[in-house]
Amino acid sequence: MGMKTLLDTMLAKPAVKRVRKNHGLEHATIHVLGERVQRHGGMVGRSDRHGFTLYGDVPTKILADACELALQRLRAGERGLAIHPYCGTNFVTAGVLSSVVAALALLSAGRGWRARLPRLPMLISLMTAALILSQPLGLVIQRDVTTSGDPGDLQIVSIKRYRIGALAFHRVETRG
């Protein structure tokens, strides 16, 4: 089985489709919040097959309105709302690429820092290139793998606010 076929098979699984749709809605909601509330406190989200959790202090009514509008806009074809520049996918992509480059650059350099020190300029250059490449690559991976800009029949079931000490967050439950 080829790599593309394997990926397509994985992405077609119902649980994975749900996570991707919820991840897209999570991003779209964060975009809408950013448009509506100038200081929405740098929201951070985590998606799963049942919905998503948004960490950050925002009034529940404002979040609920943003979720509904985000879902409407995704359904209207604004697929780009599902992509976010600060998604963890981008950070993982940067970490993987720079780690691979570092490992390859130091692979045959010998042991100890004295043997590896002459490779430092090359290592810095290659890691910088990897980080630059990771920015557009991370967005492509989001678009094609980790999120979906097509919510299909996704529906928002409930939104609940929680607070643990200074940490405020909302759980958004979905179905569809």
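Scroll up to find the structure.
Here the structure is a predicted model, which means the values were calculated and not measured. (Residues numbered from 1 in each chain as written. Predicted model: local features only at pLDDT ≥ 70, side-chain atom pairs only at ≥ 80, totals over all residues. Heavy atoms only, no water.)

Caption draft 1: Molecular detail of helix 6 (residues 120–146). Over its 27 residues, helix 6 extends only 34 Å from the first C-alpha to the last, a length that falls short of the 39 Å expected when each residue adds 1.5 Å. At glutamine 135, helix 6 shows its maximal kink, close to 35°; a proline, proline 136, follows between one and four residues later. Against helix 2 (14–36) and helix 4 (88–106) lie the buried residues of helix 6. (Helix = DSSP H or I, 4+ residues; strand = E, 2+ residues; numbered from the N terminus. Expected span 1.5 Å × (residues − 1). Bend = angle between axes of the 7 residues up to and from the residue. Contact = heavy atoms within 4.5 Å.)

Caption draft 2: Examining the sheet that holds strand 1 (residues 44–48) more closely. Reading across from one edge, 1-2-4-3 is the order of the four strands in this open sheet, with antiparallel pairing throughout. Each edge of the open sheet carries a strand with a single partner, namely strand 1 and strand 3 (155–164). Here the strands of the sheet are splayed against their neighbours by 15° on average, with no regard to which way each runs. Pairing of strand 3 with strand 4 (residues 167–175) involves nine bridges; the strand directions are antiparallel. Residue isoleucine 156 lies in a different strand from strand 4, and its bridge partner there is threonine 174. On the sheet, helix 3 (residues 60–75) packs against strand 2 (51–55), strand 3 and strand 4 and is oriented at approximately 150° with respect to strand 3. (Pairing = 2+ DSSP bridges. Axes fitted to C-alpha atoms, helices over the stretch in contact; angles between N-to-C directions.)

Caption draft 3: Quick look at the layout of surface pockets. Looking at the largest pocket, its volume works out to about 230 Å³. Lining the largest pocket are 15 residues, and of these Glu26, Gly45, Tyr86, Cys87 and Gly88 sit closest to its centre. Elements supplying a minimum of two residues to the lining of the largest pocket: helix 2, strand 1 and helix 4. A breakdown of the residues in the lining of the largest pocket according to their chemical character gives five nonpolar, eight polar and two charged. (1 Å grid on protein atoms, 1.4 Å probe; cavity = no way out; pocket = protein on both sides within 12 Å on 5 of 7 lines; lining within 4 Å. Points joined across faces, edges and corners; volume = space filled by probe spheres on them. Nonpolar A, V, L, I, M, F, W, Y, C, P; charged D, E, K, R; others polar.)

Everything listed here is a matter of coordinates, which is why it stays silent on function.
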